[in-house]
Amino acid sequence: MRRYRYRCIVCRTTSPVVTEIEALTAVGEAHRQTLHGGHFPDDEIAGQIDRLGRWYAALPPLAALHARIADALSDLHDIKTAGHYWWASAGATLLIGAVAALALLLVASAL
Ligand SMILES: [Zn+2]
């Protein structure tokens, strides 16, 4: 399940989580029309978030990859909850570590 949020830096408010990109657009439009007369607040943020409420775009690449895997594993158990289960976070770490070790092994064997 995908989760999105809109944040207005000017008002210092963040929208509730929505699950569709169309709903995110509507939330942003409604906020702009109601509070800013249709203007786009500087530095507003809108986008997909992980189960911890962090914007993927704001995460470093490795942390974003970890979050996506941990989100997917946590969603397998329950899509209604927030946060990562400890086993999902550990599984994501193990998976990334295993792929890195495998890549290292392949490079070492090719040399
Ligand atoms: Zn605002």
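Computed from a predicted model, the values in this text were never measured in an experiment.

### Re the overall build of the chain
Here comes step 1: Counting its secondary structure elements, the chain contains three helices and three strands.
Here comes step 2: When its helices and strands are written in sequence order, the chain yields β-β-α-β-α-α.
Here comes step 3: In terms of overall size, the chain is more extended than a compact globule, its C-alpha atoms giving a radius of gyration of 18 Å where 111 residues would be expected to give roughly 13 Å.
Here comes step 4: For the chain, the spread of C-alpha atoms along the principal axes amounts to about 60 × 35 × 20 Å.
Here comes step 5: Within the chain, the proportion of its 111 residues that are buried is 30%.
Here comes step 6: Taking the contacts inside the chain whose residues are at least 6 apart along the sequence as the reference set, 44% of them involve residues at least 24 apart.
Here comes step 7: Accessible surface for the chain amounts to roughly 7,300 Å². Of this, 66% is attributable to carbon and sulfur atoms.
Here comes step 8: Positive and negative charge centroids in the chain, built from 10 and 10 side chains respectively, lie 5 Å apart.

### Focus on the packing of helix H2 (residues 61–77) against helix H3 (residues 86–110)
Here comes step 1: Here H2 crosses H3 at 130°, and the two axes come no closer than 8 Å. The orientation of H2 relative to H3 falls into the category oblique. For the element pair H2 and H3, the recorded crossing hand is right-handed. On H3, the residues that touch Leu62, Leu65, His66, Ile69, Ala70, Leu73, Ser74 and His77 of H2 are Trp87, Ala88, Ser89, Gly91, Ala92, Thr93, Leu95 and Ile96.
Here comes step 2: The residue makeup of the contact of H2 with H3, split by class, is 10 nonpolar, six polar and no charged.

### Details of the domain arrangement of the chain
Here comes step 1: What the domain assignment lists for the chain is domain 1 (1–49) and domain 2 (59–111).
Here comes step 2: Taking the mean C-alpha position of each, domain 1 and domain 2 sit 29 Å from one another.
Here comes step 3: Between domain 1 and domain 2, the contact holds four residues from the first and five residues from the second.
Here comes step 4: Taking both partners together, domain 1 and domain 2 bury about 330 Å²; carbon and sulfur atoms supply 25% of that area.
Here comes step 5: For the pair domain 1 and domain 2, the number of links is one salt bridge.
Here comes step 6: Of the charged contacts, one joins aspartate 75 and arginine 3 as a salt bridge, the two residues approaching to 2.9 Å between their closest N and O atoms.
Here comes step 7: Inspection of the domain 1/domain 2 interface yields three residue pairs in polar contact (both at pLDDT 80 or more).

### Here we look at the nonpolar core
Here comes step 1: Ranked by size, the top nonpolar core spans five residues in total: Tyr4, Tyr6, Cys8, Val18 and Leu24.
Here comes step 2: Here this core gets three residues from one element, more than from any other, and that element is strand S1 (residues 3–8).

### Here's the deal with the coordination of the zinc ion
Here comes step 1: Around the zinc ion, the protein contributes the donor atoms Cys8 (SG), Cys11 (SG), His31 (NE2) and His36 (NE2), at 1.9 to 2.2 Å from the metal centre.
Here comes step 2: Geometry at the zinc ion is tetrahedral, judged from the four donor atoms that bind it and their angles of 103 to 116° at the metal.
Here comes step 3: Linear spacing of the donor residues for the zinc ion on their chain is C-x2-C-x19-H-x4-H. Residue cysteine 8 is found in strand S1, and its partner histidine 36 is found in helix H1 (residues 21–36); the two are separated by 28 residues along the sequence.

Thresholds, definitions, all that
- Residue numbers restart at each chain and count upward from 1, following the sequence in its written direction.
- Only residues with pLDDT of at least 70 get local features here, since the model is predicted, and only at 80 or more are side-chain atom pairs given and counted; chain-wide, interface and lining totals rely on the full set of residues.
- The basis for every side-chain value is the complete set of non-hydrogen atoms in the structure, without hydrogens or water.
- In this description a helix means any DSSP run of H or I spanning at least four residues, a strand means any run of E spanning at least two, and both kinds are numbered starting from the N terminus.
- Note on method: radius of gyration uses C-alpha positions; expected globular size equals 2.2 Å times residues raised to 0.38.
- Think of it in three bands: residues with accessible area under 20% of the maximum for their type are buried, residues over 50% are exposed, and the middle band is partly exposed, with areas taken using a 1.4 Å probe on protein chains only.
- In what follows, a contact means two residues having at least one pair of non-hydrogen atoms within 4.5 Å.
- Only the protein chains shown count as cover for residues, and the accessible areas themselves come from Shrake-Rupley with a 1.4 Å probe.
- As used throughout, the charge tally considers Lys and Arg to be positive and Asp and Glu to be negative, leaving His and the chain termini uncounted.
- In plain terms, the charge of a residue is placed at NZ if it is Lys, CZ if Arg, CG if Asp and CD if Glu.
- Only C-alpha atoms enter the line fits that serve as axes; for helices the fit covers just the stretch in contact. Angles between N-to-C directions range over 0 to 180 degrees.
- Roughly parallel covers angles under 35 degrees, roughly antiparallel covers those over 145, roughly perpendicular covers 65 to 115, and oblique covers all other angles.
- Helix crossings fall into two classes, left-handed where the near helix is turned counterclockwise from the far one by less than a right angle and right-handed where it is turned clockwise.
- Each residue receives one of three labels: charged for Asp, Glu, Lys and Arg, nonpolar for Ala, Val, Leu, Ile, Met, Phe, Trp, Tyr, Cys and Pro, and polar for the others, Gly being one of them.
- Domain ranges listed in this record stem from an automatic or a database domain assignment.
- Buried area is calculated as the accessible area (1.4 Å probe) missing from two parts once they are joined, with the contributions of both summed.
- Throughout this description, the term salt bridge denotes a Lys or Arg side-chain nitrogen within 4 Å of a carboxyl oxygen of Asp or Glu.
- A 3.5 Å cut-off defines polar contacts: any pair of N or O atoms within that distance qualifies, except that in protein one atom must be a possible hydrogen donor and the other a possible acceptor, and neighbouring residues in sequence count only when both atoms are side-chain atoms.
- In this text, buried Ala, Val, Leu, Ile, Met, Phe, Trp, Tyr and Cys residues form a nonpolar core when linked through side-chain atoms within 4.5 Å.
- Here the term donor refers to an N, O or S atom within 2.8 Å of the metal (or 3.2 Å for Na, K and Ca), and because water is left out of the atoms, sites may appear incomplete.
- Site shape is set this way: if four donors have all angles between 85 and 135 degrees, tetrahedral; if opposite donors are over 155 degrees apart and all others between 65 and 115, square planar for four donors and octahedral for six; otherwise irregular.

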